[in-house]
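Below are the chains, spelled out letter by letter.
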Amino acid sequence: MERGPFEAQVHERPNQFNTSEVILMNVRHGMWVLSALVLAPLVAAGPLLAQTAASGSSDSPLAASVGSATRVDVGPTVDGRLDDPVWMEAEALTGFVQFEPVVGAPASEDTEVRILFDDDAVYVGAWLYDVNPAGIIVGERRRNANLSQSDAFIVVFDTYQDRQNGFVFGTNPGGIEYDGQIRGGGGVNTNWDASWNVATSQDENGWYVEMRIPFSTLRYGLQDEQSWGMNIARYIGRKNEEAVWSPVPRQYNLWRLTEAGTLQGIEPPPQRVTTITPFILGAAQQNLPGQPGTEYPFEFGADAKIGITPSLALDLTVNTDFAQVEVDDQQVDLTRFNLFFPERRPFFLENADLFSVQSSRPGSSQTPVQMFHSRRIGVEGGQEIPIEAGARVSGRIGSTDVGALYMRTEGLDGVQDANGWVVARVLQELPNRSRVGAIFTERSSTNLSDDYNRTFGVDGRLGIGDEWTFDALLGFTDTPELDGDSKIMAFVGEYRSEQWQLSTYYDHVGQDFNPEVGFVRRIQRQLGYNAYHARAMRFIRVPQIDWLREVRPHMSYTTNRTLDDGFKLFERVHMHSHIELESGAGAMPALDWELEGLDRPFAIAGTDIVVPAGTYSGWTFWSSQNTNRADPISFSNRISVGSFLGGTRTSLSGGVNARRGGTFTGGVNITHNRIDLPQGDFNTTLTRLQARYAFTPALSIQSSVQYSDQTGVWTGFVRFGWQDTAGTGLYVVYNERQLMDVQGISGILPRDGLDTAERTFVIKYTRQFDVNGLYQSFRN
């Protein structure tokens, strides 16, 4: 019998067909057509690009821009109107060019930016003219909201002018605060919440931005007069256009600081930041794990930041704040990999990128190995472990970035002993995007001398020209009861040009590599593996088709094999195309051939099904689509159909998001999986509902409800927030979690609860005090 492309291939036992597989076999010829659709752009790329070599770009030279900042005695009032006469003393920065859709072409709307500074702060004023002010998209009024889904304005300061690290400040017409840090010229870490001010206004000529960024918020060198790297971007939402002050080649983005311009004439003071951020909270907790009944905890604590130099700071914490930790997003777990949940606690978020040492994946958000993951501290098995106190030093000494952290956690009976936690990091930036660094982490029990875990690592990056980047990570762990292979070796190479992106990586993870203060996305504990990957992507623009912006066909090969005998744990051939329309909508069809190797039986979470050991392979087609996410109502969906562990899997997901101006945003997303296996059939459904209403950028109420019938867990929260600077303010939070009866359920809504719901009601107030500012006010 001829085997169709989606039909599962199962070795070591005969295949069994069910109804879904028969349907798949009947459509196999259509699947080959879809395969051709996915690969056709890659095959045709050569002659097509020969015809359109200059498509999507301008003949203008991409020269870096240069501008000046102007000192004033007294800065302007930050009200968003830009009517203070002092603004006219500054040089107008103009000449913005497109990054999208046509690189280097003049921006379609006029933009002027002026930079001022006084003894205390940098001031940024932006005149964002628009011939159609009614078409301005206000965007969501939420701190660090996605600015690409509205009109927006962003400025990036590279204060050390090392072309690798920077501070990001942005806003939309709704006047939100968007801030982050750039390290190593990569992405932006928006978990950094800075203390600064912004205001916006709008009239018949466009919209306007006024920012005040205290020098105490920034880190910089010791020179009296400095030049900073700087770039500025403007998003015009209705046109799906991005304009920049200093031109950026299409293969990069705004965070590529080697392409930034220069801001001259800055004279920052040699001041040192000193802030204290106390918090106080009262709560009612009912039926928490290990705590039956109702309790009424009362807590207080504080974080402090003390500037040692303008570029180096000491952070202290006492009774670390957990109160803003919201409900984690639930995830459907149908794989053998352990799940990763991100950090949300404020103390750990600042400078998190300095301590981030990981095996990277070009073109992917996955990080299989993280040498340090702060969520290991104070959280175990989903339960909070109280943190007594901690300290962190981070910043720059000379040209070297340094960081050190110590935390002490209390014990929790039956969960975790009292521990001390240590992290040390050093990183030296080198020319042309290169760097070298080292990291050390340790967890040690305060009760047992032989209960410890240590991680040692070195990492480096080498940039060659503008196109080539190579990354390496070497390390090992030391755990008393483990004496096998405890090494980690990771190597990544990437080539990036306007037409091509090529990448490859190799990982070696020993079976006893065990970073207890880090994270490893491994298939199972004490199973070492080698991973190999290669990927090629082509970027195609066809100006003759006015509704099509870009097509990005790519193809990759990945395999994971055990260290001892080379047994294939995973193998995939991936063929994929990104199709981006001028309207902002897009589609991503893909065809995968995958192999899953089970060296032992695999129990699927939330079911009684156990898949026998063996090797399973087959084809899967999937595609995701979305309308323009900046529209008042937007839609997205994903469909996947193909083989799964000797059977078949059909997956459907869909989401609807709605927004009304800058006040209301909401959405619902449903993901459904239908699994047919020889050992049994089952379905999973994950439902997520979210809503938020913003009275002002600082005053809002939001809610989220999630339900997974795979785990039977229903979670939800409601949070009222009245925010002050740097994410501080008043918060009123209600959380609920309940285990539901899912017997016979395959749907969206839960049924009867199996146990009493866990409930928490919290009122918390936190305030940041600038000690230097208070001292100056007292003197005056």
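Residues numbered from 1 in each chain as written. Predicted model: local features only at pLDDT ≥ 70, side-chain atom pairs only at ≥ 80, totals over all residues. Heavy atoms only, no water.

Draft legend 1. Seen up close, the overall build of the protein chain. When helices and strands are tallied, the protein chain shows four helices and 47 strands. A total of 780 residues make up the protein chain; the buried ones form 54% of that total. Contacts spanning at least 24 positions in sequence make up 60% of the contacts within the protein chain whose residues lie at least 6 apart. Only carbon and sulfur atoms are counted for the fraction: they give 54% of the accessible area of the protein chain, which is about 33,200 Å². (Helix = DSSP H or I, 4+ residues; strand = E, 2+ residues; numbered from the N terminus. Buried < 20%, exposed > 50% of the residue type's maximum accessible area, 1.4 Å probe, protein only. Contact = heavy atoms within 4.5 Å. Areas by Shrake-Rupley, 256 points an atom, 1.4 Å probe, with all protein chains shown as cover.)

Draft legend 2. Inspection of the environment of Lys568 at higher detail. Along the chain, the position of Lys568 falls in strand E34 (residues 568-581). Exposure remark for Lys568: the relative accessible area of 27% places this residue in the partly exposed category. For the pair Lys568 and Gly597, spaced 29 residues apart in the sequence, the C-alpha separation amounts to 5.6 Å. Non-local contacts of Lys568, meaning those with residues more than four positions away in its chain, are made with Asn560, Arg561, Leu595 and Gly597. Side chain to side chain, Lys568 and Glu571 meet in a polar contact 3.0 Å long. (Polar contact = N/O pair within 3.5 Å; in protein donor to acceptor, adjacent residues only side chain to side chain.)

Draft legend 3. Quick look at the nonpolar core. Counting 35 residues, the largest nonpolar core has Phe153, Phe157 and Phe169 as its most contacted members. For this core, the elements supplying multiple residues, two or more each, are strand E5 (111-117), strand E6 (121-129), strand E7 (152-158), strand E8 (166-171), strand E12 (206-214), strand E13 (226-236) and strand E15 (261-266). Setting aside residues up to four positions removed in sequence, Phe157 forms contacts with Val122, Val124, Asn165, Gly166, Phe167, Phe169, Ile213, Trp228, Gly229, Met230 and Leu263. Within the second largest apolar cluster, 28 residues are counted, among which are Val357, Met407, Val423 and Ile439. (Core = buried A, V, L, I, M, F, W, Y, C linked by side-chain atoms within 4.5 Å.)

Draft legend 4. Focus on the pairing of strand E45 (residues 729-739). Here strand E44 (residues 713-723) pairs with E45 via eleven bridges, running antiparallel. Counterpart to Trp714 in the pairing with E45 is Gln738. The turn linking E44 back onto E45 is made up of five residues, and Ala726 within it adopts a positive phi angle of 55 degrees. Taken together, the nine bridges between E45 and strand E46 (residues 758-766) define a ladder with antiparallel strand orientation. Following the sheet pairing, Tyr731 is matched in E46 by Lys764. (Pairing = 2+ DSSP bridges.)

Draft legend 5. Representation of the sheet that holds strand E11 (residues 197-203). Reading across from one edge, E3-E5-E6-E12-E11 is the order of the five strands in this open sheet, with mixed pairing throughout. Only two strands of the sheet have a single neighbouring strand rather than two, namely strand E3 (70-71) and E11. Direction of pairing for E5 relative to E6: antiparallel, over a ladder of seven bridges. Bridge pairing in E6 links Glu112 to Trp127.

Draft legend 6. Highlighting the pattern of salt bridges. Taken as a whole, this structure holds 42 salt bridges when the rule is applied. A salt bridge links Glu267 to Arg71; the nearest nitrogen and oxygen atoms lie 3.0 Å apart. One end of the pair, Glu267, is in the loop between E15 and strand E16 (274-288); the other, Arg71, is in strand E3, and 196 residues separate them in sequence. Residue class for Glu267 comes out partly exposed when judged on its relative accessible area of 30%. Ionic pairing is found between Asp401 and Arg183, a salt bridge with its closest N-O pair at 2.9 Å. (Salt bridge = Lys/Arg side-chain N within 4 Å of Asp/Glu carboxyl O.)

Draft legend 7. Up close: the packing of aromatic side chains. One pass over the structure, following the stated rule, counts 15 aromatic pairs. Measuring from centroid to centroid gives 5.2 Å for Phe169 and Trp196, while their planes differ by 75 degrees, and the two rings are edge-to-face. Note that Phe169 is positioned in strand E8 and Trp196 in the loop between strand E10 (188-189) and E11, a separation of 27 residues in sequence. Geometrically, the ring pair formed by Phe440 and Phe456 is tilted, given 5.1 Å between the ring centres and 50 degrees between the ring planes. With Phe440 in strand E26 (residues 434-445) and Phe456 in strand E27 (residues 452-464), this pair connects stretches of sequence that are 16 residues apart. Note on Phe440: relative accessible area 22%, which makes it partly exposed. Through successive ring pairs, a cluster of aromatic residues spans Phe157, Phe215, Tyr220 and Trp228. (Phe/Tyr/Trp six-rings, centres within 6.5 Å; stacked < 30°, edge-to-face > 60°.)

Draft legend 8. Layout of the environment of Thr725. Locating Thr725 in the fold gives a position in the loop between E44 and E45. C-alpha separation for the pair Thr725 and Gln768, spaced 43 residues apart in sequence, amounts to 7.3 Å. Every residue in contact with Thr725, bar those within four places of it in the chain, is listed here: Ala194, Ser195, Trp196 and Gln768. A distance of 2.8 Å separates polar atoms of two side chains, one belonging to Thr725 and the other to Ser195.

Draft legend 9. Here's a closer look at unusual backbone geometry. Residue Pro101 is reached from Glu100 by a cis peptide bond, and omega for that bond is 5 degrees. Among the structural elements, Pro101 can be located in the loop between strand E4 (97-100) and E5. Located in the positive-phi region is Ala726, a residue other than glycine, with phi close to 55 degrees. Mapped onto the fold, Ala726 is located in the loop between E44 and E45.

Draft legend 10. Expanded view of the side chain of His578. The topology assignment puts His578 in strand E34. Excluding anything up to four places from it in sequence, His578 contacts Glu550, Val551, Arg552, His554, Ala587 and Met588.

Draft legend 11. Quick look at the pairing of strand E43 (residues 699-708). Bridge count between strand E42 (residues 680-694) and E43: nine bridges; the pairing is antiparallel. Paired with Tyr693 across the two strands is Ile701, which belongs to E43. Linking two consecutive strands that pair antiparallel, namely E42 and E43, is a turn of four residues. In this antiparallel pair of consecutive strands, E43 and E44, the connection spans four residues, and Gly712 shows a positive phi of 75 degrees.

Draft legend 12. The arrangement of a nonpolar patch on the surface in detail. Together, Phe664, Tyr693, Phe695, Ile701, Val718, Tyr734, Phe761 and Ile763 give the surface a local cluster of nonpolar side chains, amounting to about 660 Å² of exposed area. On the secondary structure map, Ile701 appears in strand E43. (Patch = residues over 30% accessible without salt bridge, like charges linked within 9 Å, V, L, I, M, F, W, Y side chains within 5 Å.)

Draft legend 13. Summary view of the confidence of the model for the protein chain. Counting all residues, the mean pLDDT for the protein chain is 85, and 85% of those residues have values of 70 or more. Note that residues 336-340 has pLDDT below 50 and, in this model, 21 contacts with residues that lie over four places away or in other chains. (pLDDT = per-residue confidence, 0-100.)

Draft legend 14. Region of interest: the side chain of Glu241. Considering the arrangement of structural elements, one finds Glu241 in strand E14 (residues 241-244). Nearest to the buried, unbridged Glu241 among oppositely charged side chains is Lys239, at 4.8 Å. If we skip the residues at most four places from it in the chain, Glu241 touches Gln98, Glu100, Pro101, Ala107, Ser108, Arg234, Tyr235 and Ile236. (Lys, Arg positive; Asp, Glu negative; His and termini not counted.)

Draft legend 15. Spatial organisation of the environment of Ile377. Locating Ile377 in the fold gives a position in the loop between strand E20 (369-370) and strand E21 (379-380). Sequence separation between Ile377 and Asn419 is 42 residues, and the spatial gap between their C-alpha atoms is 9.1 Å. When neighbours within four sequence positions are excluded, Ile377 is seen to be in contact with Arg345, Phe348, Phe372, Ile387, Leu405, Met407, Thr409, Trp421 and Val517.

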